[in-house]
Amino acid sequence: MARVYNFSAGPAVLPEDVLTACAEEMLDYNHSGMSVMEMSHRSKVYDDIIKEAESDLRRLMDIPDNYKVLFLQGGASQQFAMIPMNLMKNKKAAYIITGEWSKKAWQEAQIYGEAVAVASSADESFSYIPDCADLDIPADADYLYICENNTIYGTKYKKLPNTKGHTLVSDVSSCFLSEPVDVKEYGIIFGGVQKNIGPAGVVIVIIREDLVPQECLPGTPTMLKYSTHVKADSLYNTPPAYGIYVCGKVFKWLLKNGGLTAMKEYNEKKAAILYDFLDESKLFNGVVRKEDRSLMNVCFNTGSKELDDQFVKESKAAGLDNLKGYRTVGGMRASIYNAMPLAGVEKLVEFMKDFEERNK
Ligand SMILES: *Cc1c(COP(=O)(O)O)cnc(C)c1O
């Protein structure tokens, strides 16, 4: 067996301990005589799995009691519609555009009401986070929407926007559980788990209780109402049962390894190794504004398409996989999520140094 260092942006690397534990339990979970994949989501044994996953997540993120935790399907992209359908009472919302994902969310919201772009970093290819200290947010906007870590462009909000009293909705798909957050600052925190938590197929929504509406926009399907899933504790219909089980294992792995404070330290250490090298390299360029750099997705290039392609090819052969940048952006991107070991980042930087030496 030869595992590579997998720098994929998502689906992405998972902790080896978790994969091993899942393999060990594959045929017989906890003396149930069956795999978690084979059991009823209404069984006692599965109920324990989903309840424990929720309570471990609550512990990890210190989620206050007045927030609901939902395990849903449809990916982060389905939330782009679900959010306006559930929250747009005034048919108006404010969006900050910092990349493809916030742009998609903003466009989707326009189907349901007036979605106002109150800030954007499109003018410089999304290489920075706009100043959000004093935005012109319409007074009757139902919420302010951000994408907190921009997976494709490699930027991250280091400070949340001044919402001026509006509800903050944040897509944290690619920074979920990478560092401590103050849940109280948000109305909704959501993300697909396939970036930093678990296998594709699960999206986690953390929503403040009072935002779960009695009534959604007319025509909202039952499955797209938060209230449906809140009432049923994420068991209205068959949930992505196996995926939730794997997420639960990752939560336990995080708790065992010191929780989100320790994870932040580890992530900062890993990212610094890479960014410090980019700052001194004569061949490789970091592409985002320094103060807005993501700890999770590190984007860089050589300035030459041929060299970039060569780098991607040679790094793959060296066991450093999935370093190609997003299809519309080009260059390279190293996604160094929680489960990427320090040794993987060190090996990448060693390889980059060697590549630079060979391509002076
Ligand atoms: C990957 C990603 C998405 C899309 O997620 P899906 O689960 O594929 O819908 C949305 N937002 C961000 C920040 C992402 O990284």
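Above this text sits the structure in question.
This text gives an overview of the structure that appears in the document.

Criteria and thresholds
- Residues numbered from 1 in each chain as written.
- Predicted model: local features only at pLDDT ≥ 70, side-chain atom pairs only at ≥ 80, totals over all residues.
- Heavy atoms only, no water.
- Pairing = 2+ DSSP bridges.
- Helix = DSSP H or I, 4+ residues; strand = E, 2+ residues; numbered from the N terminus.
- Contact = heavy atoms within 4.5 Å.
- Axes fitted to C-alpha atoms, helices over the stretch in contact; angles between N-to-C directions.
- Parallel < 35°, antiparallel > 145°, perpendicular 65-115°, else oblique.
- Nonpolar A, V, L, I, M, F, W, Y, C, P; charged D, E, K, R; others polar.
- Near = heavy atom within 4 Å.
- Polar contact = N/O pair within 3.5 Å; in protein donor to acceptor, adjacent residues only side chain to side chain.
- Disulfide = S-S within 2.5 Å.
- Buried < 20%, exposed > 50% of the residue type's maximum accessible area, 1.4 Å probe, protein only.
- Salt bridge = Lys/Arg side-chain N within 4 Å of Asp/Glu carboxyl O.
- 1 Å grid on protein atoms, 1.4 Å probe; cavity = no way out; pocket = protein on both sides within 12 Å on 5 of 7 lines; lining within 4 Å.
- Points joined across faces, edges and corners; volume = space filled by probe spheres on them.

**Thoughts on the sheet that holds strand β11 (residues 285-286)**
Right, so step 1: Strand order in the open sheet made by the three strands is β11-β12-β14, with antiparallel pairing throughout. Taken across any chain shown, the strands that pair with only one partner, and hence form the sheet edges, are β11 and β14 (332-335).
Right, so step 2: Relative to β14, strand β12 (residues 297-301) runs antiparallel, the two sharing four bridges. Considered in β14, the bridge of C299 is made with R333.
Right, so step 3: Here helix α7 (residues 259-280) sits on the sheet and contacts β11, β12 and β14; the angle it forms with β12, its principal contact strand, is near 20°.

**So, the packing of α7 against helix α9 (residues 342-358)**
Right, so step 1: Interhelical geometry of α7 versus α9 gives an angle of 5° and a closest axis separation of 10 Å. Between α7 and α9, the angle is such that the two are roughly parallel. Along its contact with α7, which presents Y266, K269, K270, I273, L274, F277 and L278, the element α9 presents L342, V345, E346, L348, V349, M352, K353 and E356.
Right, so step 2: Across the contact of α7 with α9, the residue classes break down as ten nonpolar, no polar and five charged.

**Topic: the site of the ligand**
Right, so step 1: The environment of the ligand is made up of G75, A76, S77, F80, W101, C147, N149, T151, D171, S173, Q194 and K195.
Right, so step 2: The backbone of A76 places a nitrogen or oxygen atom 3.0 Å from an oxygen atom of the ligand.
Right, so step 3: Taking D171, its side chain carries an N or O atom lying 2.6 Å from a nitrogen atom of the ligand.

**Describing the state of the cysteines**
Right, so step 1: For the structure shown, the criterion picks out zero disulfides.
Right, so step 2: Distance from the sulfur of C22, which forms no disulfide, to the nearest cysteine sulfur (C247) is 10 Å.
Right, so step 3: For C147, which is in no disulfide, the shortest distance to another cysteine sulfur is to C175 and amounts to 7.7 Å.
Right, so step 4: Of the residues examined, C147 reaches a relative accessible area of 1% and is grouped as buried.

**Details of the pattern of salt bridges**
Right, so step 1: Evaluation of the coordinates by the stated rule reveals 22 salt bridges.
Right, so step 2: Across the pair E209 and K68 runs a salt bridge whose closest N-O atoms are separated by 3.5 Å. Here K68 lies in strand β2 (residues 67-72) and E209 lies in the loop between β10 (203-208) and α5 (226-231), a separation of 141 residues in the sequence.
Right, so step 3: Between K164 and D134 there is a salt bridge, with its nearest N and O atoms 2.5 Å apart.

**What to know about the environment of W106**
Right, so step 1: In this fold, W106 is placed in helix α4 (residues 100-109).
Right, so step 2: C-alpha of W106 to C-alpha of A94: the two residues are twelve residues apart in sequence and 8.5 Å apart in space.

**A word on empty space enclosed by the protein**
Right, so step 1: With the rule as written, the count across this model stands at four cavities of 30 Å³ or more.
Right, so step 2: For the largest cavity, the calculated volume is near 90 Å³.
Right, so step 3: Lining of the largest cavity is provided by M61, E148, K156, V172, C175, F176, L177, S178, E179, V181, I189 and L260.
Right, so step 4: For the lining of the largest cavity, the per-class residue count stands at eight nonpolar, one polar and three charged.

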